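# Observations on the three-dimensional arrangement
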Amino acid sequence: MLERSALAENALQALHDEDYDRPYNTQALNHETMIFVGGRTPVSLDGAWNFCVDLLDTGLRQKWFAMQPMPAEERAEPWDYDPYEGDTVPVPSCWQMLKETWYFFEGSAWYTRPLDMPPDLGSGRRFLRVGAAQYDCKVFLNGAFLGNHYGGSTPFFCELTGHLRPGRNWLMLMVNNTRTLDRVPMRNTDWFNYGGLYREVSLFETPTSVIRDLFVHLVPDGSYRRIRAAVEVDGGAREAVLEIAEIGIRQTIALGADGRGEVIVEARPELWSPENPRLYAVSLAAGDDRVEDRIGFRQIERVGDEIRLNGRSLFLRGISVHEDDRELGKVTSEADLRRRFADARDLNCNYLRLAHYPHHEMAARLADELGFLLWEEIPVYWAIAFDNPATYRDARNQLIELIKRDRNRASVIIWSVGNENPDTDARLDFMKGLADTAKAFDPTRLTSAACLVNHARNRIEDRLAEHIDVIGINEYYGWYEENFEDLVEIGRNSDPGKPVVISETGADGAIGEGAPARGLFSEAYMTEVYEKQIETLRALSYVKGMSPWILYDFRVERRQNIFQRGFNKKGLIAADKATRKDAFAVLSAYYAERRDAEAGGEEMA
């Protein structure tokens, strides 16, 4: 197909040129092309899309995106792929969950759908928003390449204005989930590598002047009486109007030549907290554009080895969670998220660690509403190519996209920049750069990373700790680390001067038919590990929280023994998201004890 056509230009080049991807890997769709979507009405592009897997990237080599609709009987040559007819898949979805032969597929796949426009397109602007595509997504419209995006878990935007035509248009997205050494995450991970358009795809129409960004927050100066708003508008507007009617704010913001402006206004909002998740309706108008949001106002800070929320010391009673479902893969829904938070509530949690990548933005919106604190992170996981500038560019962009997406969410208190990385000079520069970036784009939140323990000296020891606010520690004493007494010694030897959160701990507990009654992988052993962890950690005054691994069992390629069979079984709840293991009650009781002591103003040993 197409080897002799003008589209391929040269048959030998189409078949043998391994630089075929280079013209389509601009990564021009990034944090700079985002627009603020709060309060806007999207046109959903979800539903059935034409679909084809493309293991050899024949589509780019032969320029499938430039093929025009043509009846089969009129074609001069046979087509190996027809973008306009054939198999369809639902969007959002993960292709692994749709067909058995796609379960371990890694490579490219093509999605195509019509996009019908009115006869008069008007003077407004139109933006495509993809909630998430795993991992590299290239956008084509009517045969033209418009850009691509790196990062499997953050949203991206592509402006279609000027490329759309009246009537029928054809939108094609090529999605590639191949793990490579220079991507973030890299090739070796410990969660399942889903592929596809697995979050919502939408079209937004705006006026000529479009509000690209709005960041509204309490000024973190301890006064609790000043609100700052930072605005970015594209398209010629010279001022914007901020309104928070419930506290009497209506403020004009002057915009510079670059469309940016900010203002600080005096106000006394009711403070947001898990006990009182108060949200305010906020709006911003600029030119003919208008956006809205619901925002809570609170202050999070580190003072010595304490984490303080609104001036009060805080212990993070948490649990880690993956975005994974036994039936749907990474696809999530409001019902699924509300079940997650209900289970966390039954655990007596006030906090969740969203690992190891940005989760659906609905998670943070629901956490705002329900009163949970969140740790959000990017997948700088294990042995990233820390000496590769392209890898840093990818990680930095994912971090900024996450921050811009969620920095109006009161629930989000920690940006984490990495997990379990070796302490090298290149890694230190890489991670310090990310921590500095987080502070530059959002100085109102804490930074963290899962840091390292020096097992030779049995103490918390990681050069990155100097450059972050909260030290995360993943420790599996009683599981991967055999000698539980080493954890006791680490506690004695360490005095980090900053709050430590046990970001991971736990043990696999298989249940059901074939599960062992005792020893490793038994539910009884898992429960024993939790009891010993709690007994040891509760005595360490600098430990200011924990988020054991993990709420639900989850799918992962690397776990293949007879008790796991492709799932990590460390969940306090089985993969059915209903069956609770015995350790659930152990952790719930401990958290209830901490909650009640804090409510009574008691210190816990």
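I will try to describe carefully the structure that is included in this document. (Residues numbered from 1 in each chain as written. Predicted model: local features only at pLDDT ≥ 70, side-chain atom pairs only at ≥ 80, totals over all residues. Heavy atoms only, no water.)

Right, let's get into the overall build of the chain. In terms of regular secondary structure, the chain is built from nine helices and 36 strands. What you see for the chain is a C-alpha radius of gyration of 25 Å, in line with the 25 Å of a compact globule of 605 residues. By its C-alpha atoms, the chain is 80 × 60 × 45 Å across when sized along the principal axes. Counting every position in the chain, which comprises 605 residues, the buried fraction comes to 60%. Partitioning the contacts of the chain with sequence separation of at least 6, the portion at a separation of at least 24 is 74%. (Helix = DSSP H or I, 4+ residues; strand = E, 2+ residues; numbered from the N terminus. Rg over C-alpha atoms; globule rule 2.2 N^0.38 Å. Buried < 20%, exposed > 50% of the residue type's maximum accessible area, 1.4 Å probe, protein only. Contact = heavy atoms within 4.5 Å.)

Turning our attention to the nonpolar core. Membership of the largest hydrophobic core comes to 71 residues, with the highest contact counts inside it found for Ile319, Leu352, Val380, Leu572 and Leu587. Not counting residues within four places of it along the chain, the set of residues in contact with Leu587 comprises Gly318, Ile319, Leu347, Tyr530, Ile534, Pro548 and Leu572. With 31 residues, the next largest nonpolar core counts Met117, Leu121, Cys137 and Leu171 among its residues. (Core = buried A, V, L, I, M, F, W, Y, C linked by side-chain atoms within 4.5 Å.)

Let us look at the packing of aromatic side chains. Counted according to the given criterion, the structure contains 33 aromatic pairs. For the ring pair Phe140 and Phe145, a centre distance of 5.4 Å and an interplane angle of 50° mean the geometry is tilted. In textbook terms, an aromatic cluster arises when at least three aromatic residues are bridged by ring pairs, as seen for Tyr24, Trp64, Phe65, Tyr81, Trp110, Phe140 and Phe145. Over the aromatic face of Phe192 sits the side chain of Arg555, whose NZ or CZ is 6.0 Å from the ring centroid. (Phe/Tyr/Trp six-rings, centres within 6.5 Å; stacked < 30°, edge-to-face > 60°. Lys NZ or Arg CZ within 6 Å of the ring centre and 35° of its normal.)

Their axes nearest at 10 Å, the elements helix 5 (residues 389-406) and helix 6 (residues 425-441) cross at an angle of 25°. Between helix 5 and helix 6, the angle is such that the two are roughly parallel. Note on packing geometry: the crossing formed by helix 5 with helix 6 is right-handed. In this structure, helix 5 uses Thr391, Tyr392, Ala395, Arg396, Leu399, Ile400, Ile403 and Lys404 to contact helix 6, whose residues at the interface are Phe430, Gly433, Leu434, Thr437, Ala438 and Phe441. (Axes fitted to C-alpha atoms, helices over the stretch in contact; angles between N-to-C directions. Parallel < 35°, antiparallel > 145°, perpendicular 65-115°, else oblique. Left-handed = near helix turned anticlockwise from the far one by under 90°.)

Right, let's get into the sheet that holds strand 16 (residues 249-254). Reading across the sheet, the four strands line up as 16-15-18-19 and stay open at both edges, with antiparallel pairing between neighbours. With one partner strand each, in any of the chains shown, strand 16 and strand 19 (289-295) form the two edges of the open sheet. On average, each strand axis in the sheet is tilted by 20° relative to the strand beside it, whichever way the strands run. Here strand 15 (residues 239-244) runs beside strand 16; their pairing, made up of six bridges, is antiparallel. If you follow Glu243 over to strand 16, its bridge partner there is Arg250. (Pairing = 2+ DSSP bridges.)

To continue, consider helix 4 (residues 361-370). Among the ten residues that make up helix 4, seven are buried, leaving the element largely enclosed by the rest of the structure. Taken residue by residue, helix 4 has Glu361, Met362, Ala363, Ala364, Leu366, Ala367 and Asp368 as its buried positions. Of the residues flanking the end of helix 4, it is Gly371, one or two places downstream, whose phi is positive at about 90°.

Turning our eyes to something else, we now look at the sheet that holds strand 21 (residues 306-309). If you walk across this open sheet you meet the three strands as 20-21-22, and the pairing is antiparallel. Two strands bound the open sheet, and with one partner strand each, they are strand 20 (300-303) and strand 22 (312-314). Adjacent strand axes in the sheet meet at a mean angle of 45° when their direction is disregarded. Strand direction decides the pairing type here: strand 21 and strand 22, joined by three bridges, are antiparallel.

Considering all chains together, one arrives at zero disulfides under this definition. Here Cys52 stays free of any disulfide, with the sulfur of Cys137 as its closest cysteine sulfur at 16 Å. In this model Cys137 remains outside any disulfide bridge; the closest cysteine sulfur is found in Cys158, 9.3 Å from its own. The buried category is assigned to Cys137, whose relative accessible area is 0%. (Disulfide = S-S within 2.5 Å.)

Turning next to the pairing of strand 5 (residues 125-130). With six of six residues buried, strand 5 is to be regarded as a mostly interior element. In the sheet, strand 5 pairs with strand 12 (residues 201-206) via six bridges, with the strands oriented antiparallel. Residue pairing across strands places Phe127 opposite Phe204, the latter belonging to strand 12. Where strand 5 meets strand 9 (residues 156-159), four bridges bridge the pair, whose relative direction is antiparallel. Within strand 9, the position partnered with Leu128 by the bridge is Cys158.

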